[in-house]
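One letter stands for each residue in the lines below.
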Amino acid sequence: MEILNINLSIIIPVFNDQEVLYELYNRLMKIIPSIYEVYEIVFIDDGSIDNSFSILKEIHQKNIKVKVLKQSRNFGQANSILAGLQYSKGEIVIIMDSDLQDRPEDIPVLIKELEENNVAMSIAKWES
């Protein structure tokens, strides 16, 4: 696949998701670096009481394109997203949950919709 020269930010609020963070990161890394040269992944720990923040710091140490913000307490998902939006630098921003209900593999589909339809927003909706 052709490498795109765009600036992408992925914002991921986290609350007590220690059991899925490595899998989430690994799945993102199978997709993002191969198609986006300039990217950042911004995790916002929303006052987790498990080992989520420690895991995120480990991931950051392996990849400087991973940014980790820690809120002083649980402010809720919306406030975590707002913090990530204020911090991020990407021209294109993707917001996703950390619990893998949003599939990293769908990111290229969302970006394609933006480009092909010349729209400002692309939203995924699960259908059963």
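Thresholds, definitions, all that
- Residues numbered from 1 in each chain as written.
- Predicted model: local features only at pLDDT ≥ 70, side-chain atom pairs only at ≥ 80, totals over all residues.
- Heavy atoms only, no water.
- Core = buried A, V, L, I, M, F, W, Y, C linked by side-chain atoms within 4.5 Å.
- Buried < 20%, exposed > 50% of the residue type's maximum accessible area, 1.4 Å probe, protein only.
- Helix = DSSP H or I, 4+ residues; strand = E, 2+ residues; numbered from the N terminus.
- Contact = heavy atoms within 4.5 Å.
- Arc of directions from axis to C-beta.
- Salt bridge = Lys/Arg side-chain N within 4 Å of Asp/Glu carboxyl O.
- Polar contact = N/O pair within 3.5 Å; in protein donor to acceptor, adjacent residues only side chain to side chain.

Brief notes about the nonpolar core
Looking at soluble globular proteins, one finds that nonpolar side chains tend to be buried together. In terms of nonpolar packing, the biggest core is built from 28 residues, with Ile10 and Leu28 touching the most fellow members. Listed by contribution, the elements that provide at least two residues to this core are β1 (4-14), α1 (21-35), β2 (36-45), α2 (52-62), β4 (92-95) and α4 (107-117). It is α1 that provides the largest number of residues to this core, a total of eight residues. Excluding residues within four positions of it along the chain, Leu28 makes contact with Ile10, Ile12, Pro33, Ile41, Met96, Pro104 and Ile107.

Observations regarding α2
For α2, the set of buried residues is Ser52, Ile55, Leu56 and Ile59. One side of α2 carries all its buried residues, which in axial view fall inside an arc of 100 degrees.

Some thoughts on the pattern of salt bridges
In this structure the tally under the stated criterion is five salt bridges. One salt bridge in this structure joins Glu23 and Arg27, with 3.3 Å as the shortest N-O distance. Within this pair, Glu23 and its partner Arg27 are both found in helix α1, separated by four residues, close to a single helical turn. Here Arg27 falls in the buried class, since its relative accessible area comes to 18%. Residue Asp106 is joined to Arg103 by a salt bridge in which the shortest nitrogen-to-oxygen separation is 3.1 Å. By relative accessible area, Asp106 is classed as partly exposed at 21%. Connected through shared salt-bridge partners, Glu23, Arg27 and Glu105 make up one network.

Overview of the side chain of Asp45
Here Asp45 is to be found in strand β2. Among the polar contacts listed, one links the side chain of Asp45 to the backbone nitrogen of Ser48, at a separation of 2.8 Å.

Notes on α4
Considered for burial, the residues of α4 that qualify are Ile107, Leu110, Ile111 and Leu114. The buried residues of α4 all sit within an arc of 95 degrees when viewed along its axis, so they share a single face. Positive phi shows up at Asn118, right after α4, with a value of about 50 degrees.

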